[in-house]
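# A structural walkthrough
Residues per chain, in single letters:
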Amino acid sequence: MIQIENLKFQYPRAEFMLRLPRLVVESGQRVAIVGPSGCGKTTLLNLISGITLPLEGTVQVCGEEVSAMSDASRRNFRIAKIGMVFQQFELVEYLDVLSNILLPFSINSTLPGSSGIRCRAIEFAEAMGLKEKLTRRPAQLSQGEQQRVAICRALIAEPRVVLADEPTGNLDPENKRRILDLIFQLAEKQNQTLIVVTHDMGILSGFDRVVDFEKMRFSKADEKSSGSIGSAVGGQA
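Residues numbered from 1 in each chain as written. Predicted model: local features only at pLDDT ≥ 70, side-chain atom pairs only at ≥ 80, totals over all residues. Heavy atoms only, no water.

This part covers the environment of Asn 6. Within the fold, Asn 6 resides in strand S1 (residues 2-9). By relative accessible area, Asn 6 is classed as exposed at 54%. The spatial distance from the C-alpha of Asn 6 to the C-alpha of Thr 58 is 6.9 Å, given a sequence separation of 52 residues. In this structure, Asn 6 is in contact with Leu 20, Pro 21, Glu 56 and Gly 57, ignoring residues within four places of it in sequence. (Helix = DSSP H or I, 4+ residues; strand = E, 2+ residues; numbered from the N terminus. Buried < 20%, exposed > 50% of the residue type's maximum accessible area, 1.4 Å probe, protein only. Contact = heavy atoms within 4.5 Å.)

What follows is about the packing of helix H6 (residues 143-155) against helix H7 (residues 173-189). For any two helices packed against each other, the geometry comes down to the angle between their axes and how far apart the axes lie. Two elements in contact, H6 and H7, have axes whose closest approach is 12 Å; the angle formed by their N-to-C orientations is 5°. What the angle tells us is that H6 and H7 run roughly parallel. Contacts between H6 and H7 pair Arg 148, Ile 151 and Leu 155 from the former with Asn 175, Arg 178, Ile 179, Ile 183 and Leu 186 from the latter. Residues of the contact of H6 with H7, tallied by class, amount to five nonpolar, one polar and two charged. (Axes fitted to C-alpha atoms, helices over the stretch in contact; angles between N-to-C directions. Parallel < 35°, antiparallel > 145°, perpendicular 65-115°, else oblique. Nonpolar A, V, L, I, M, F, W, Y, C, P; charged D, E, K, R; others polar.)

This next bit is on the sheet that holds S1. Where strands meet in a sheet, backbone hydrogen bonds hold them as pairs that are either parallel or antiparallel. The four strands lie next to each other as S2-S1-S4-S5, forming an open sheet whose pairing is antiparallel. Looking at which strands have only one partner, the edges of the open sheet turn out to be strand S2 (18-25) and strand S5 (64-65). Relative to S2, S1 runs antiparallel, the two being bridged by seven bridges. Counted as the bridge partner of Ile 2 is Val 25 from S2. Relative to the sheet, helix H1 (residues 41-49) contacts S1, S2 and strand S4 (56-61), its axis offset from that of S1 by approximately 120°. (Pairing = 2+ DSSP bridges.)

Limitation: the analysis is restricted to geometry and does not speak to function.
Quick look at the structure:
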């Protein structure tokens, strides 16, 4: 589902350098990426989604080379194939909760919209505990509620790949467990590949693979595939 070869990335005028000889993530896998701030975890998500382009190497997602697409093609591909949960949420302030969840269908006409999309968005919101918040705007929500809206938006178009940057970071323990379970259930039902950046060691048991991105240590479940991931060094997230 995701294949990276000989990747090299560096921010302009920065010492940060990310090198990844090879990374392979199979379809349907749930991968957690851990490590301290500054080791390149968020950068990796941006490279996979095509938000950021590598200086060298290739990034393939769903069999297509994202790193070789035009800006417009990458944008449409990302909206159609990749669900993004940003650390800063990136909600549209002038839209209400329901419209924010449905945003992928508003900005990409190639998505197969249907009369049931609105109903599914409402079901997602209710499952996330947002039933009474559908007409509110982001500024009227708590951080945890905004995060749940962002998760709904990432999942609504049934993407092939879900990339989530600290998706449980602003949630209380009760909501954290409930919402993480819901993400896992939907990912399994839709055979989605899930990559989650997290500092929360308490949620790692639900993943197929756990990678320490600073030292590239592998969990026991990942030992057999450790040769698929190279090394990374860096100084910014």
